[in-house]
Amino acid sequence: MSSRQSWNAQDYQANAGFVPVLGRPVLALLAPRPGERVLDLGCGHGALTREIVEAGCEVVGVDHSPAMVAAARDSGIDARLMDAAAIAFETEFDAVFSNAVLHWVKDADAAIAGVVRALKQGGRFVGEFGGHGNMAAVVTALAAVLARRGVDIAAVNPWFYPTPDDYRGRLETAGFAVDSIELIPRPTPLPTGMKGWLETFAGPFYAVLPEDDRRLRDETIDLLRHSLCDGEGNWTADYVRLRFAARLLDRRTSR
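Conventions adopted
- Residues numbered from 1 in each chain as written.
- Predicted model: local features only at pLDDT ≥ 70, side-chain atom pairs only at ≥ 80, totals over all residues.
- Heavy atoms only, no water.
- Helix = DSSP H or I, 4+ residues; strand = E, 2+ residues; numbered from the N terminus.
- Buried < 20%, exposed > 50% of the residue type's maximum accessible area, 1.4 Å probe, protein only.
- Pairing = 2+ DSSP bridges.
- Right-handed = clockwise from strand over helix to strand, strands pointing away.
- Polar contact = N/O pair within 3.5 Å; in protein donor to acceptor, adjacent residues only side chain to side chain.
- Core = buried A, V, L, I, M, F, W, Y, C linked by side-chain atoms within 4.5 Å.
- Contact = heavy atoms within 4.5 Å.
- Phe/Tyr/Trp six-rings, centres within 6.5 Å; stacked < 30°, edge-to-face > 60°.

Caption draft 1: Structural view of unusual backbone geometry. The phi dihedral of Ala31 falls on the positive side, at around 50 degrees, and the residue is not glycine. Within the secondary structure, Ala31 sits in the loop between α3 (24-30) and β1 (37-41). On the accessibility criterion, Ala31 (38% relative accessible area) is partly exposed. Positive phi values are uncommon outside glycine, yet Ala100 reaches one of about 60 degrees. With respect to the secondary-structure elements, Ala100 resides in the loop between β4 (93-99) and α6 (108-118).

Caption draft 2: View of the pairing of β1. Of all five residues in β1, five are buried, a share of seventy percent or more. Burial along β1 is two-sided: Arg37, Leu39 and Leu41 and Val38 and Asp40, pointing in opposite directions, are all buried. In this sheet, strand β2 (residues 58-63) lies alongside β1 in parallel orientation, the contact comprising five bridges. Each bridged residue has a counterpart across the sheet, and for Leu39 the counterpart in β2 is Val60. Since β1 and β2 lie parallel, the crossover through helix α4 (residues 47-54) that links them has a hand, and here it is right-handed. Inspection of the sheet shows β1 paired to β4 by three bridges, in the parallel sense. What sits directly across from Leu39, in β4, is Val96.

Caption draft 3: Geometry of the environment of Trp104. Turning to its location among the elements, Trp104 is positioned in the loop between β4 and α6. On the accessibility criterion, Trp104 (5% relative accessible area) is buried. C-alpha of Trp104 to C-alpha of Phe160: the two residues are 56 residues apart in sequence and 6.3 Å apart in space. Within the structure, Trp104 has its side chain in polar contact with the side chain of His103 (distance 3.3 Å).

Caption draft 4: A look at the nonpolar core. Leu39, Phe89, Leu102, Phe125, Tyr167, Leu171 and Phe176 are the most contacted members of the largest nonpolar core, which totals 32 residues. In terms of residues, this core owes the most to one element, α6, which gives six residues. Apart from residues lying up to four places away in sequence, Leu171 is in contact with Ile112, Phe125, Phe176, Val178, Phe244 and Ala246. Judged by nonpolar contacts, the second largest core, of 30 residues, contains Met135, Trp197, Leu216 and Ile221.

Caption draft 5: Quick peek at the packing of aromatic side chains. According to the stated counting rule, one finds 13 aromatic pairs in the structure shown. Note on Phe125 and Phe244: the rings are 4.8 Å apart at their centroids and 75 degrees apart in plane angle, and the pair reads as edge-to-face. Of this pair, Phe125 sits in strand β5 (residues 119-130) while Phe244 sits in strand β7 (residues 236-248), and the two are 119 residues apart along the sequence. Classification of Phe244 by relative accessible area gives buried; the value is 0%. Relative to Trp197, the ring of Trp159 has its centre 6.0 Å away and its plane inclined at 65 degrees; by these criteria the two rings are edge-to-face. A residue pair is termed long-range when its members are at least 10 positions apart, and Trp159 in the loop between α7 (136-147) and α8 (164-174) and Trp197 in helix α9 (residues 193-201) qualify at 38 residues. Looking at Trp159, the relative accessible area reads 6%, which means it is buried. Residue Trp197 is classed as buried on the basis of its relative accessible area, which comes to 3%. These aromatic residues form a ring-pair network of at least three members: Trp104, Trp159, Tyr161, Trp197, Phe201 and Phe205.

Taken by themselves, the reported measurements are silent on function.
Structure follows, in structure tokens:
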């Protein structure tokens, strides 16, 4: 959902097809009910969106990527181009669902405020995204590669990885009652290795440098090989996810 990150639906499926598969537990936490109207915030190519539709819900998916929106529409999803920090709905959804998206939204409070506007009274907000410590080794390696070239990673890092206390506070300030929130360590095998992961997700870091992306990726991979690659060449990402479920309180009494 970052304006500095570009997406390709086919590359995403090849290099990160595990994302919607690993998002099924948060879909179970949503527990969609037939007849509900659900907003899928950051629907991507619509893999999990379709499962919500199949549960009998009326679903609208939104995403910041034209390529992802086009792919979702091609699969029959009502998908619309929209930024997660500028949600343009008013009191029309029973639930908002989001998987693997909100860590791309640096203005977390704007995204939460948009969810509040979009939900009906008592509506649910259920999601999962990168939490504190997510991809710590990768972020450290990227910081080292950039620092060698005089670039401070803080100036280009598109990711927001909060602690549970941080995100709980933001939700409660916006008017939610938080039913559950936790960090979940989830080492994740990478089907196309670290190269595929970096090509899919790390574009914003390399875009600020004039050097060839391949050289920069190779340098990052060399730094990560000892900690994230086993003796047989299998790569595992050091994912840590923040999973939560919250309910919107009565707007007349939540302040």
